Amino acid sequence: MAKGPDGKNTSGRGQRDLTVKVKTARGRRASSTRWLQRQLNDPYVKRAQLEGYRGRAAFKIMELDDKFRFLVPGARVVDLGCAPGGWCQVAVPRVNALGEKAGKAQGRILGVDLQEVEPIAGVELHQLDFMDDGADDKVKDWLGGKADVVMSDMAASSSGHKQTDHLRIIALCEAAAYLAFDVLEEGGTFVSKVLAGGAEGELQKLLKQRFAKVANVKPPASRADSSEKFVVATGFKG
Ligand SMILES: C[S@@+](CC[C@H](N)C(=O)[O-])C[C@H]1O[C@@H](n2cnc3c(N)ncnc32)[C@H](O)[C@@H]1O
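Anyway, here's the lowdown on the structure attached to this text. (Residues numbered from 1 in each chain as written. Predicted model: local features only at pLDDT ≥ 70, side-chain atom pairs only at ≥ 80, totals over all residues. Heavy atoms only, no water.)

**Looking at the packing of helix α5 (residues 135–143) against helix α6 (residues 162–183)**
Step number 1: Where α5 meets α6, the axes come as close as 11 Å, and the angle between the chain directions of the two elements is 40°. By the angle between their axes, α5 is oblique relative to α6. When you trace α5 past α6, the crossing you get is right-handed. Residues Asp136, Val139, Lys140 and Leu143 of α5 touch α6, and the partners they reach there are Leu179, Asp182 and Val183.
Step number 2: Across the contact of α5 with α6, the residue classes break down as 4 nonpolar, no polar and 3 charged. (Axes fitted to C-alpha atoms, helices over the stretch in contact; angles between N-to-C directions. Helix = DSSP H or I, 4+ residues; strand = E, 2+ residues; numbered from the N terminus. Parallel < 35°, antiparallel > 145°, perpendicular 65-115°, else oblique. Left-handed = near helix turned anticlockwise from the far one by under 90°. Contact = heavy atoms within 4.5 Å. Nonpolar A, V, L, I, M, F, W, Y, C, P; charged D, E, K, R; others polar.)

Here it is, written out as structure tokens:
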């Protein structure tokens, strides 16, 4: 039977599926009304609420891991841009961060974000701007050794200008990739959000030199109308 991060059964919950219509309200912009309507009717938002995840992003890493299997018991994971914590919640049972799976290796999760994150059992959380000078050294100190997975969902708030947003996200992805090159164990995995938009070619080239396989994936939980996709690089060559 399916269980959420709270350990409660989730099968059979939320069977009724009624579309919520949002009326325009004085003082609310049409774009905000559209956003609200989309949130209220998004099946992944509903599932996240029912299953106890902090956001719909949880399903993206779940779908990526179901396909590539990098969150295994004993894995040491760095989660960059982890707030509010959905990816961490998914990783905790999969890597056995609480040591609850008898006979299986216990993993470790280090979460980093600009924002403060409510504590999550089994996760070591740090508030840090990963683009600050010396930020990667701080993460390496906290880690105190190698990692098996470096994953990044970092995204700056939208500027409203597509190309600027794209360049910003590529810069975040590149910074995450350089941390991965320094800390990953041979055979390790790098996962990062990117936005399609033209400047990701160099990054792909770099990843292809350092990893056995590089895949570009749009998991079903990623909104179809967004240019977001994920790069999953497996088999770090060291
Ligand atoms: C889409 S959210 C991540 C959602 C998260 N994966 C989850 O499942 O809850 C993107 C996050 O990236 C963080 N972020 C953006 N730029 C950052 C930076 N320079 N350093 C650290 N975190 C950053 C934001 O604060 C935001 O919380």
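**Describing the site of the ligand**
Step number 1: For the ligand, the set of nearby residues contains 20 residues, the closest of which are Trp87, Asp113, Asp129, Phe130 and Asp153.
Step number 2: Here a nitrogen atom of the ligand sits 2.8 Å away from a polar atom, N or O, in the side chain of Asp153.
Step number 3: Here Ala155 contributes a backbone N or O atom positioned 3.4 Å from an oxygen atom of the ligand.
Step number 4: Burial of the ligand by the protein chains amounts to 88% of its free accessible area of 600 Å².
Step number 5: Class assignment for the residues of the shell around the ligand results in 12 nonpolar, 4 polar and 4 charged. (Near = heavy atom within 4 Å. Polar contact = N/O pair within 3.5 Å; in protein donor to acceptor, adjacent residues only side chain to side chain. Areas by Shrake-Rupley, 256 points an atom, 1.4 Å probe, with all protein chains shown as cover.)

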